[in-house]
Amino acid sequence: MSIMEIQKVRYSYDNKRNVLNGISTALDEGKMYAILGQSGCGKTTLLSLLGGLDSPVDGQILYDGQDIKKLGLANHRKNNVAFIFQSYNLIDYLTPKENVALTAKLSPQPILERVGLTEEECKRNVLKLSGGQQQRVAIARALASDTKVILADEPTGNLDEDTAAEIISILKGCAHEMNKCVIIVTHSNDLAKQADTIFRVKKGKLI
Amino acid sequence: MSTWKRAFLYVIRKKVKTVLLFCVLLAMSTFILTGLSIYKATDDSALSLRQSVGGSIRLELDESNEANWRYQQAAGGMMVEYVGTPITDKDIQKIISVDGVKAYNGIGDGDVYAKDFDFISGFSFGAEFDDSRLPSVTNSEYFNFFTRKAFQLIEGRHIKEDDDHAVLISSAVAEKNNLKLGDTITVQCCFDSGDYPDVELTVVGIYEYKGDTDSFQTTSTDKRNRLIIDHKAMQEIMQRDEIQYDNGVDFYVDDPREIDRIAKEIKNLDLDWDCFSLTVDNSAYEAVAASLTSMQRLIVWLIVGCIVVSVSILILILSMWIKQRRYETGILLSIGITKGNIVFQYIVEVLLIAVVAFGLSYFTSSLLSQGVSDLIFNQVAESQPIPEIELPDDGSEYLDITGQYIPYDSSNMEMVESVQVNVNPNNLLYVYVLGAFLIVLSVSAASITVIQMKPKKILSQMD
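Residues numbered from 1 in each chain as written. Chains lettered and ligands numbered in written order. Predicted model: local features only at pLDDT ≥ 70, side-chain atom pairs only at ≥ 80, totals over all residues.

## Focus: the interface of chain A and chain B
Put simply, the rule is: What counts as a contact here is a pair of residues whose C-beta atoms, placed from the backbone, lie within 7 Å. Counting from the N terminus, the helices are the DSSP runs of H or I reaching at least four residues and the strands are the DSSP runs of E reaching at least two. All amino acids are sorted into three groups, where Ala, Val, Leu, Ile, Met, Phe, Trp, Tyr, Cys and Pro are nonpolar, Asp, Glu, Lys and Arg are charged, and the leftover types, Gly among them, are polar.
Contact with chain A, which involves 20 residues of that partner, is made by 17 residues of chain B. Where the side of chain A that touches chain B is concerned, the elements lending two or more residues are α3 (73–79) and α4 (96–101) of chain A. Ranked by residue count, the leading element in the side of chain A that touches chain B is α3(A), at 5 residues. A breakdown of the residues in the side of chain A that touches chain B according to their chemical character gives 8 nonpolar, 8 polar and 4 charged.

Written out as structure tokens, the structure reads:
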């Protein structure tokens, strides 16, 4: 059974032009999905809808067979999905360990070590870490929340090639080894090729 | 991670913001605590002043009702006789039972010759003996000459309700006749009609007259010739069967602020209101408490002003900071923390700083409050005109039984020179409660713009 389903979802900013026009699909656990598309095509909007940051104009987003609107969007964000952003989105007055502890249902330290951070790095101010290290903290935070779905918006957008490869490798591990449903929004074909399934958003449709 | 822990970590790690907010909250709480302490101190001063100055309600025969008076031609001219209901002890007992009435003083009226001593001589009409009007009182301490400080007891004691043939004389009469406490004097009613006996009175007290003695006076109108006696003596002098309160009865209240309520209750009593009238007087309190009242008004405005300015500054600062924290707000929203929980974190952060700032304000306010109080009090006192007591419409209470105005010695009036301010823990508790409310209000107002935004919009503005 799919962990998430998109059913005839329509989204419009101004009720005139549909950014997403009645798209439907199903997303499974243990797989990594890539959503490709040009800037402004609606791929980040789709990710926001999946993550309960916004609601579709029409249609439904189901999590485990239930409408996330009925579950409560804040509740959905807290218990069902975890975000990883391009700009890491870490809280600057907390250490890496504390950032991970924000959502932690699991112990932060082993997860931080698993994504490659040392104990010493875990105690530093997050802003004193490199971009790659900050993104590892963001991934650790997503993993510590112990949700079945990870939503990543351009997770390697600010990283160099080598670090980006490492991050992709970690995300693939999340899908294949930890049985999570990882959905990555990207405009990079190279990154998308690493995914198990690739979607393209074009003229409001999911191809 | 709990909201409290997030808030605590923010407070200890954002040191500059914490120190700045601490200073704002310390200034706010110091001013409010100082204002509250001064207000409480003026309230305490006003209370003790009210208790010492008091206020009175006078019950007297209604002179305006012609039906109560009978006029008849007599040998010496027109004679006026009261034919209405007299004020009796039963009436007095009804009034004294009203809540808030603490004491009373009934005043009788007579006119006597000095038989074995001399009055201070004034303009004389050639009578064989000098005569003078004399009041009888229940308690001379409350007699209006003493309450208005025109008379001051310098020897002996006041006349009390259970006295029998006691008299207070002036120091001038005592000196002229070489009288001292315990001596006796003899008087006789000087009314033409009737046969009046000589009555012996024992001097129990000597008073000093503080008013003007140089102006033209007859023997009868000279205040130094007032013999203040008890009602039993008056009964014998005037050959009356019962005590008569010809000049009314003054009822004294515990708290002048209650005087209108008490007067209303007295008015509702079953008394013959066709024959009696009631006059309220708390002018002495109003006069001496004028500066305190003005000061309290000013303090209330200062506290209100301080609260408005503090809340405005807080809202301004917090609005800017919360706007800067949209990034953090977006992150917290994306990980499923509710908007309410985020606002609660902001409130807790300010409260954590406030707990320390408010506590410290106890000491800063203790240092400041007396100085601020003195400054305000002096300003108010300088702008306040010298208090004057207004006469009631008919001026009755301030007229001597001879119809002359009783001088008022304002130099003897009990004035408030300053207010002793102490910052007490109760006031600090008020600051904590009020401060917490203002903080919740300020943070909520400052958070409105961010809280109204959708999580996606906040996050989209971050990138």
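## Section: the sheet that holds strand β2 (residues 18–27) of chain A
Residues and elements named next belong to chain A. Selection criterion: Strands pair, by our definition, only if DSSP identifies at least two bridges between them.
Taken together, 4 strands build an open sheet; the order of strands is β2-β1-β4-β5 and the sheet is antiparallel. Since the sheet does not close on itself, it has two edges, and those belong to β2 and β5 (66–67), each with one partner. For strand β1 (residues 4–12) and β2, the ladder comprises 7 bridges, and the chain directions are antiparallel. Following the sheet pairing, Arg 10 is matched in β2 by Asn 21.

## Quick notes on the pairing of strand β4 (residues 101–114) of chain B
In the case of a regular strand, side chains alternate between the two sheet surfaces. All names here are of chain B. Bridge analysis of β4 against strand β11 (residues 249–253) gives 5 bridges, and the strand direction is antiparallel. Within the sheet, the bridge partner assigned to Val 101 lies in β11 and is Val 253. Relative to strand β5 (residues 131–137), β4 runs antiparallel, the two being bridged by 7 bridges. Residue pairing across strands places Ile 107 opposite Val 137, the latter belonging to β5.

## What to know about the sheet that holds strand β3 (residues 32–36) of chain A
Residues and elements named next belong to chain A. Which entries qualify depends on this criterion: The axes are straight lines fitted to the C-alpha atoms, using for helices just the contacting stretch, and the angles between their N-to-C directions are given from 0 to 180°.
With respect to topology, 6 strands assemble into an open sheet ordered β6-β7-β8-β3-β9-β10, the strand pairing being mixed. On the outer flanks of this sheet lie β6 (81–84) and β10 (205–206), each paired with one strand and no other. Together, β6 and β7 (149–153) form the strand contacts of helix α7 (residues 131–144), whose direction differs from that of β6 by roughly 180°.

## Observations regarding the pairing of β1(A)
All names here are of chain A. Here β1 folds back onto β2, and the loop between the two strands holds 5 residues, one of which, Asn 15, carries a positive phi near 65°. Where β1 and strand β4 (residues 58–63) come together, 5 bridges link them in antiparallel fashion. Among the inter-strand pairings, Ile 6 is bridged to a residue of β4, identified as Ile 61.

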